[in-house]
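So the chains spell out like this:
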Amino acid sequence: MYQKSLVELAADLQKGTYSSEELTRACLQRIRTHDERLNSFVTVTEAQALAAAQAADTVIKAGNAGPLTGIPFAHKDIFCTSGVKTSCGSRMLDNFIAPYDATVTEKLLGAGAVMIGKTNMDEFAMGSSNETSFYGPVRNPWDETTVPGGSSGGSAAAVAARLVPVSTGTDTGGSIRQPAALCGITGLKPTYGRVSRYGMIAFASSLDQGGPFARSAEDAAVMLGAMAGFDARDSTSVERPVDDYLAQLNEPLQGLRIGLPKEYFGEGLDAAVGDAVAAAIEEFKKLGATVTDITLPNTHLSVPAYYVVAPAECSSNLSRFDGVRFGHRADNPQDLQDLYTRSRGEGFGDEVKRRILVGTYALSAGYYDAYYLKAQQARHLIRDDFLQAFEQVDVIMGPTAPSVAFKLGAKADDPVSMYLSDIYTIAVNLAGLPAMSVPAGFSNGLPVGLQMIGNYFDEARLLNVGHQYQQVSDWHTRSPRGFE
Amino acid sequence: MALDASDVEKIAHLARLGINADDIPGYARNLTDILAFVEQLNSVDTSGVEPLAHPFEAAQRLRPDEVTESNHREHFQQVAPETESGLYLVPQVIE
């Protein structure tokens, strides 16, 4: 049953082929068998999961099941979960039992989904390889010597390894799409403001956005439908009804206008990844789409702008971790200064410290205009590039990441080289657009992701385009060896 | 711009961030690399371009000034390192 899609599982549950409790026990067994090697979970919530599954079975028997009732999911450990450790991959929050639920948690649990556990991630979502986690790296199920991508590496690996059918992630610069690509699954980053950030531990508040991981666009559509929506508790949540993401899945792609930005196919792109993406584009032509070359001329500014904006917002957001109200506190502080300095010094890992330092510098007196203001101006140019492109095309396509999964440790000592692994995903966050990665082939046995970028609030179209591609391709159905 | 050890110490102090003396040269090198990379922003003329703080230039929502939350002090202080009589304890500040 672990090979079945969310939609198939929901149908089986409603037919009574098996119960949610049986399904949940099967997922827990898969985790026990496989996760010691992958390290994709920080916490497995077995007792709560079984209780939730039993409650879901009662709802199903009463004939009141929804599309997620009784479906197990893995939850990125960045979303607060009442009564359950919410570590954010950091020693700082290793002792933090969240006192409330994030809105996304509340919505998924309210829809009857069964939380199996909390997944491993780069510390405070800062990383592209899942190697900065306090709980150790996650391994990619396709090749355990390579990284799963990051920061939502545990959530992506758990779905790829068929431990759970679906999971949640967050994406600040590519943290859903890049691990989806590297693990051979489907991942969607919605429009900024579509999914509530309430209770989602903040990294860079003007860029952070939660979204789903699944094995198909159809399953991602079900998840997004439950996760999205206006929330008065998030001041940047958008007051706009949620589309019916399933309703448009079967629309034909005849006449779809696809734009290929030349900046996404240039120097730095692995040739085999480029070939796989080109082959996928050919499939869209067969489905009736037209393909146009476009240009996003300020693309080269996106990674530099991001590495000002994101660290600046991180240094401000993470100032709340001071050893006073929650989280790690240093032993025997001599004075208040010592309490702050040592609690933060001991609680944060290397990459988080690096970003706090960069952000503090960029925001310090005399440097604000040169860095933060300049980056926000560049952000305007980057956003306008997309707006112009969407006057000509409906969807922009290109590679999700410049290469397939790289070896563990390969980029660990070189921050700038690590940052460049998000070169095709970061501009989307700066512009606040929705984008999705779907499996589009393999290179040397490792998955390649195709990225689709949509206009604001065009998630339904992205899911439609992804679903239609998945009707004529089978990349998304492949499982890694040892996890079939 | 190249940052040296004393720059890193000054920034770490501003951030109230303890870093090991042994790690300072490494951070100085990393920060110098990152800032050199970020310098690419200067290759484009942005004079007259409005800084973009929000992707669709939305403003913060306002709400009526009404009490909507009840008091959760006891509950929230359960995760605090040290409290007494509803107060958070820190080392003595005033002699």
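Residues numbered from 1 in each chain as written. Chains lettered and ligands numbered in written order. Predicted model: local features only at pLDDT ≥ 70, side-chain atom pairs only at ≥ 80, totals over all residues. Heavy atoms only, no water.

Caption draft 1: A look at helix α5 (residues 153-160) of chain A. Residue and element names in this part refer to chain A. Counting buried positions along α5 gives eight out of eight residues, so the element sits mostly inside the fold. Restricting attention to buried positions, one finds in α5 the residues Gly153, Gly154, Ser155, Ala156, Ala157, Ala158, Val159 and Ala160. Buried positions along α5 lie against β1 (41-44), β2 (72-76), β3 (114-119), β4 (166-170), α6 (177-183) and β6 (210-214). (Buried < 20%, exposed > 50% of the residue type's maximum accessible area, 1.4 Å probe, protein only. Helix = DSSP H or I, 4+ residues; strand = E, 2+ residues; numbered from the N terminus. Contact = heavy atoms within 4.5 Å.)

Caption draft 2: Structural detail: the packing of helix α8 (residues 271-286) of chain A against helix α15 (residues 459-472) of chain A. Residues and elements named next belong to chain A. The contact between α8 and α15 brings their axes to 10 Å, and the two run at 95 degrees. Between α8 and α15, the crossing angle belongs to the class labelled roughly perpendicular. Taking contact as the criterion, the partners of Ala280, Glu283 and Phe284 in α8 are, on α15, Val465, Tyr469 and Val472. Taken together, the residues that form the contact of α8 with α15 break down as five nonpolar, no polar and one charged. (Axes fitted to C-alpha atoms, helices over the stretch in contact; angles between N-to-C directions. Parallel < 35°, antiparallel > 145°, perpendicular 65-115°, else oblique. Nonpolar A, V, L, I, M, F, W, Y, C, P; charged D, E, K, R; others polar.)

Caption draft 3: Up close: unusual backbone geometry. Residue and element names in this part refer to chain A. For the bond from Gly150 to Ser151, the omega torsion is 10 degrees, close enough to zero to count as cis. Despite not being glycine, Cys88 has its phi angle at roughly 55 degrees, a positive value. For Cys88, the position within the fold is in the loop between β2 and α4 (103-110). Here Arg162, not a glycine, exhibits a phi torsion of approximately 60 degrees, which is positive. Examined against the element boundaries, Arg162 turns out to sit in the loop between α5 and β4. Classification of Arg162 by relative accessible area gives buried; the value is 3%.

Caption draft 4: Representation of the interface of chain A and chain B within the structure. Contacts between the two partners involve 70 residues from chain A and, on the opposite side, 48 residues from chain B. Taken over both partners, the interface formed by chain A and chain B buries close to 5200 Å², and the fraction arising from carbon and sulfur atoms is 68%. In terms of surface lost to chain B, no three residues of chain A exceed A:Leu357, A:Tyr361 and A:Lys374, which account for 13% of the buried area on that side. On inspection of chain A and its partner chain B, the count reaches one salt bridge. Taken together, the links from chain A to chain B amount to 20 residue pairs in polar contact (both at pLDDT 80 or more). Counting only elements with at least two residues in the side of chain A that touches chain B, the list comes to α9 (302-317), α10 (336-347), α11 (350-363), α12 (369-392), α13 (415-419) and α14 (426-431) of chain A. (Buried area = accessible area lost by both parts, 1.4 Å probe. Salt bridge = Lys/Arg side-chain N within 4 Å of Asp/Glu carboxyl O. Polar contact = N/O pair within 3.5 Å; in protein donor to acceptor, adjacent residues only side chain to side chain.)

Caption draft 5: How the structure looks around the packing of aromatic side chains. Scanning the model with the defined rule gives 19 aromatic pairs over all chains in all. Ring geometry for A:Phe284 versus A:Tyr469: centroids 5.2 Å apart, planes at 20 degrees, classification stacked. Note that A:Phe284 is positioned in helix α8 and A:Tyr469 in helix α15, a separation of 185 residues in sequence. Residue classification places A:Tyr469 among the buried residues on the basis of a relative accessible area of 1%. Between the aromatic rings of A:Tyr456 and B:Phe56, the centroid separation amounts to 5.1 Å while the plane-to-plane angle is 80 degrees, which identifies the pairing as edge-to-face. Placement of A:Tyr456 in the loop between β11 (446-454) and α15 and of B:Phe56 in the loop between α2 (24-38) and α3 (73-77) is noted, with the two residues assigned to different chains. Here the aromatic cluster, defined as three or more aromatic residues joined through ring pairs, consists of A:Phe96, A:Phe124, A:Phe321, A:Phe326 and A:Phe348. The residue whose ring lies beneath A:Arg30 is A:Tyr2, and the NZ or CZ to ring-centre distance is 3.7 Å. (Phe/Tyr/Trp six-rings, centres within 6.5 Å; stacked < 30°, edge-to-face > 60°. Lys NZ or Arg CZ within 6 Å of the ring centre and 35° of its normal.)

Caption draft 6: Spotlight on the layout of surface pockets. Volume-wise, the largest pocket comes out at about 550 Å³. Here the residues of the lining of the largest pocket are counted per class, giving 14 nonpolar, three polar and four charged. (1 Å grid on protein atoms, 1.4 Å probe; cavity = no way out; pocket = protein on both sides within 12 Å on 5 of 7 lines; lining within 4 Å. Points joined across faces, edges and corners; volume = space filled by probe spheres on them.)

Caption draft 7: Expanded view of the nonpolar core. Among the nonpolar cores identified, the biggest contains 172 residues, and A:Phe124, A:Phe284, A:Phe386, A:Met397, A:Leu450, A:Met452 and A:Leu463 are the most heavily contacted of them. Those residues within four positions of A:Phe284 in sequence are excluded, and the remaining contacts are A:Leu253, A:Ile258, A:Ala289, A:Met397, A:Leu450, A:Met452, A:Val465 and A:Tyr469. (Core = buried A, V, L, I, M, F, W, Y, C linked by side-chain atoms within 4.5 Å.)

Caption draft 8: How the structure looks around a nonpolar patch on the surface. A contiguous nonpolar patch, built from B:Val90, B:Val93 and B:Ile94 and spanning about 290 Å² of accessible area, is present on the exposed surface. Turning to its location among the elements, B:Ile94 is positioned in the segment after β2 (87-88). (Patch = residues over 30% accessible without salt bridge, like charges linked within 9 Å, V, L, I, M, F, W, Y side chains within 5 Å. Areas by Shrake-Rupley, 256 points an atom, 1.4 Å probe, with all protein chains shown as cover.)

Caption draft 9: Examining empty space enclosed by the protein more closely. Residue and element names in this part refer to chain A. Tallied over the full model, the rule gives three cavities of 30 Å³ or more. Volume-wise, the largest cavity comes out at about 60 Å³. The wall of the largest cavity is formed by Ala125, Gly127, Ser128, Gly150, Gly173, Gly174, Ser175, Phe203, Tyr306, Tyr307, Arg355 and Asp422. Partitioned by chemical class, the residues of the lining of the largest cavity number four nonpolar, six polar and two charged.

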